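Coordinates in review
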Amino acid sequence: MSSVVETPALPRFQPGDYKSDLKPVWCAGCGDFGVVSAMYRAMAELQLEPWNTVVVSGIGCSSRLPGYVEAYGFNSVHGRALPIATGIKVAKPELNVVAVGGDGDGLAIGGNHFLHASRRNLDICYVLMDNEIYGLTKGQAAPTTPSGDKTKSTYFGNPEPSVDPCELAISFGATWVARGFSGDMKSLVDLMVAGMSHHGFAFLNVMSPCVTWRGDDQFKVMKAKLRSLPEGYDRTNRAAAVPYLREKEVLTTGVLYEAHEPSLLDRLEGQRTNAMVGHENLTTEQVLEVFKPPF
Ligand SMILES: Cc1ncc(C[n+]2csc(CCOP(=O)(O)OP(=O)(O)O)c2C)c(N)n1
Ligand code: SF4
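Quick caveat, the model's predicted, so the values are computed rather than measured. Counting of residues starts from 1 at the beginning of each chain's written sequence and follows it residue by residue. Both sets of labels track the order of writing: A upward for chains, 1 upward for ligands. Reporting in this predicted model follows two pLDDT cut-offs: at least 70 for local features of residues, and 80 or more for side-chain atom pairs to be given and counted; totals over whole chains, interfaces and linings ignore these cut-offs and use all residues. With hydrogens and water stripped out, all remaining heavy atoms of the structure feed into the side-chain values.

**Quick look at the domain arrangement of the chain**
For interface size, the figure often reported is the accessible area lost on association. The source of the domain bounds is an automatic or database domain assignment. On domain assignment, one finds that the chain holds domain 1 (15-261) and domain 2 (262-295). Whether two residues touch is decided by their heavy atoms; if any such pair falls within 4.5 Å, the residues are in contact. Contact with domain 1, which involves eight residues of that partner, is made by five residues of domain 2. Contact between domain 1 and domain 2 buries roughly 570 Å² in total, counting both sides, with carbon and sulfur atoms accounting for 68%. The salt bridge criterion pairs a side-chain nitrogen of Lys or Arg with a carboxyl oxygen of Asp or Glu, the two atoms within 4 Å. Along the contact surface separating domain 1 from domain 2 lie zero salt bridges. Each residue is assigned to one class: nonpolar for Ala, Val, Leu, Ile, Met, Phe, Trp, Tyr, Cys and Pro, charged for Asp, Glu, Lys and Arg, and polar for all the others, Gly among them. Classifying every residue of the side of domain 1 that touches domain 2 gives three nonpolar, two polar and three charged. Buried surface area refers to the total accessible area, computed with a probe of radius 1.4 Å, that the two partners give up upon joining, counted for both partners together.

**Quick word on the pairing of strand S5 (residues 176-181)**
Using a 1.4 Å probe on the protein chains alone, a residue whose accessible area is under 20% of its type maximum counts as buried, one over 50% counts as exposed, and one in between counts as partly exposed. Numbering of helices and strands starts at the N terminus; helices are DSSP runs of H or I of at least 4 residues and strands are runs of E of at least 2. Counting buried residues along S5, six of its six residues qualify, which places the element largely inside the surrounding structure. Burial of S5 is two-sided: the residues Trp176, Ala178 and Gly180 facing one way and the residues Val177, Arg179 and Phe181 facing the other way are all buried. The criterion for strand pairing is that DSSP finds at least two bridges linking the strands in question. Relative to strand S6 (residues 201-207), S5 runs parallel, the two being bridged by six bridges. Bridge pairing in S6 places valine 177 opposite phenylalanine 203. Direction of pairing for S5 relative to strand S8 (residues 251-258): antiparallel, over a ladder of four bridges.

**What about the environment of isoleucine 133?**
Position of isoleucine 133 relative to the elements: it lies in the loop between strand S4 (124-130) and helix H5 (165-172). Non-local contacts of isoleucine 133, meaning those with residues more than four positions away in its chain, are made with Asp103, Gly139, Gln140, Ala141, Ala142, Thr145, Thr151, Cys210, Trp213 and Arg214.

**Topic: the sheet that holds S6**
Spatial strand order, S2-S1-S3-S4-S6-S5-S8-S7: eight strands in an open sheet with mixed pairing. Pairing within the sheet leaves two strands with one partner each, and these edge strands are strand S2 (72-75) and strand S7 (226-228). For this sheet the average axis-to-axis angle between neighbouring strands, irrespective of direction, equals 20°. For S7 and S8, the ladder comprises three bridges, and the chain directions are parallel. In the sheet register, arginine 227 faces S8, and the bridge partner there is threonine 252. Note on definitions: angles span 0 to 180 degrees between N-to-C directions of axes, and those axes are lines fitted to C-alpha atoms, for helices only across the stretch in contact.

**Examining the nonpolar core**
With 34 residues, the main nonpolar core has Met39, Leu65, Val127, Met192 and Met196 as its most contacted residues. Within the residue set of this core, elements represented by two or more residues are helix H1 (32-46), strand S3 (96-102), S4, S5, helix H6 (185-197) and S6. Per element, the largest residue contribution to this core is eight residues, and it comes from H1. Membership of the second largest hydrophobic core comes to 30 residues, among which are Ile88, Val97, Leu128 and Ala240. Each nonpolar core is a collection of buried residues, namely Ala, Val, Leu, Ile, Met, Phe, Trp, Tyr and Cys, held together in the definition by side-chain atoms within 4.5 Å.

Next comes the structure, spelled out in structure tokens:
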């Protein structure tokens, strides 16, 4: 009897299949290269179909990322990645929706949308590429620029207190919140896979150095501040992350918070189902008559 050795089937998509024909124009050494590479690997791990996936961004160096991914993409308007991602998810819930952008895009002009996207808890994975500066417009202070830091717009040192994006996401109602580093590929891929698989709004804050406007040692500075969560950390406790996020000079990485709650679409579907009890066999015209506003 001849023995047939079966070769295991290769996955349908390899990381390289998600690489578009567009060559990134980021500066050599920009942390965003690590983020897009991690995204190719995470997409391959999840075997996401490019034709069922959309990557949406605002404006900024980091917001160029959708152009480098072989999927649907939308490099939209400054600060508007999340409302556009929300519209896409509501109109086409079957799509995998990933939103990306910078700390300026997402926390300054787009800060209001971050609040509402977090609390609506739609199935969107939001990757915030945090270089603590406005890169594209040449180095002005952003909401994550540490207080006291000199930038092009804060010559005597940043007079404003900075915000922690993860603390904001947790208090706004995001149901999965994590922090990674663009220089730690393995952990970043794992975080992206987990965030993209999460049911609900997943927020991933990726520390991603800007070598041009934050100094070419920002990589080292960020790396020196990274700390992992301790063994036994309870990520289901909403308040547990806060002390770690408020530690000065420390950037805590890993999954800080995770909860399993209905998304906005689940809640709407629940309302629709309840409202239809007793009206199951009606025609569309009859449904419109039953639910006519009483004025
Ligand atoms: C309505 C509007 N306001 C301001 C700008 C100018 N602008 C473009 S990108 C940007 C900030 C980009 O910073 P960030 O989102 O942190 O991305 P990075 O370039 O650092 O990746 C600003 C202020 C704009 N394009 N549109
Ligand atoms: S300016 Fe900064 S954020 Fe923009 S591409 Fe260059 S290194 Fe990256």
